[in-house]
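# Chains, contacts and geometry: an overview
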Amino acid sequence: MKTGSGAGAGVPSLPRHLVRGAAGFGALAASVALWPVLGPASLLLAPAGLYALRGCPLCWTATLLRVLTLGRAGRSCPDGRCRIPGAGPGGQDG
């Protein structure tokens, strides 16, 4: 789920991240919404939701913001020092 090298290394792609979020938050919501129908068995969906979100809904949200920010900034790191184009003379160090 990670992209290749460069500025986005270690950052998942946006479509995959959104699919993971939909699956995770959907399973968490279903585990609560299906309580009247399935009873305590509906809570078996909660671990699946947390697994899809990699254990932390807040961390998923923070990574979403990171993915969106890096995609919009167009950051480049040709010599190991990351710069954002148009951030002034020489770019902004990352």
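Residues numbered from 1 in each chain as written. Predicted model: local features only at pLDDT ≥ 70, side-chain atom pairs only at ≥ 80, totals over all residues. Heavy atoms only, no water.

## Side note on the confidence of the model for the protein
Predicted confidence across the protein gives a mean pLDDT of 79, with 65% of residues reaching 70 or more. Low pLDDT, under 50, characterises residues 1-7; the predicted model gives this stretch 19 contacts beyond four residues in sequence or across chains. (pLDDT = per-residue confidence, 0-100. Contact = heavy atoms within 4.5 Å.)

## What to know about helix α3 (residues 45-52)
The complete set of buried residues in α3 reads Ala46, Gly49 and Ala52. Take α3 and look down its axis: the buried residues cluster within an arc of 125°, on one side only. Across from the buried face of α3, at angles greater than 90 degrees, the exposed residues are Pro47 and Tyr51. Looking at the buried residues of α3, the elements they touch are α1 (14-33). One or two steps after α3, the chain reaches Arg54, where phi turns positive at roughly 60°. (Buried < 20%, exposed > 50% of the residue type's maximum accessible area, 1.4 Å probe, protein only. Helix = DSSP H or I, 4+ residues; strand = E, 2+ residues; numbered from the N terminus. Arc of directions from axis to C-beta.)

## Topic: the packing of aromatic side chains
Overall, the coordinates contain 1 aromatic pair when judged by the stated rule. Taken together, a centroid distance of 5.3 Å and an interplanar angle of 85° make the contact between Phe25 and Trp60 edge-to-face. A residue pair is termed long-range when its members are at least 10 positions apart, and Phe25 in helix α1 and Trp60 in helix α4 (residues 57-73) qualify at 35 residues. (Phe/Tyr/Trp six-rings, centres within 6.5 Å; stacked < 30°, edge-to-face > 60°.)

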